[in-house]
Amino acid sequence: MRPASERVVMVSGAGRGLGRAIAARLYADGYKLSLGARDVPALEEAHGAMERGRVLFHRYDATDAATGVA
């Protein structure tokens, strides 16, 4: 299996609560992250200390199909 540093994990709802805690733990474990939330500025503020080369921030709203299309 590949090491964590070579894997990307996508987390929706990463701006607060459980999603935020999961993202923080995965980052601490060495994963690259793609984080999604409705409010991107708040998401960036919540995870501001994370290295930008390892983290991407995206708007994501599960009730809006358009935000799930890349």
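Quick caveat: nothing in here was measured; it's all calculated off a predicted structure.

So, how was this worked out
Here the residue numbers are simple positions, counted from 1 along each chain's written sequence. A pLDDT threshold of at least 70 governs which residues receive local features in this predicted model, and a stricter bar of 80 or more applies before side-chain atom pairs are shown or counted, although totals over entire chains, interfaces and linings include all residues. Excluding hydrogens and water, the side-chain figures rest on all heavy atoms present in the structure. Each reported salt bridge corresponds to a side-chain nitrogen of Lys or Arg within 4 Å of a carboxyl oxygen of Asp or Glu. Starting at the N terminus, helices and strands are each numbered in turn, a helix being any DSSP run of H or I of at least four residues and a strand any DSSP run of E of at least two. Relative accessibility under 20% of the residue-type maximum defines a buried residue, over 50% an exposed one, and the middle range a partly exposed one, all with a 1.4 Å probe and only protein chains included.

Enquirer: Help me understand the pattern of salt bridges in this model?
Expert: Scanning the entire structure with this criterion turns up three salt bridges. One salt bridge connects arginine 25 with aspartate 29, and the closest N-O pair in it is separated by 3.1 Å. With its nearest N and O atoms 3.6 Å apart, the salt bridge here joins arginine 38 to aspartate 61. Of this pair, arginine 38 sits in the loop between strand E2 (32-37) and helix H2 (40-46) while aspartate 61 sits in the segment after strand E3 (55-59); the two residues are 23 residues apart in sequence, bridging distant segments of the chain. The exposure class assigned to arginine 38 is exposed, which follows from its relative accessible area of 59%.

That is the geometry; function is a separate question.
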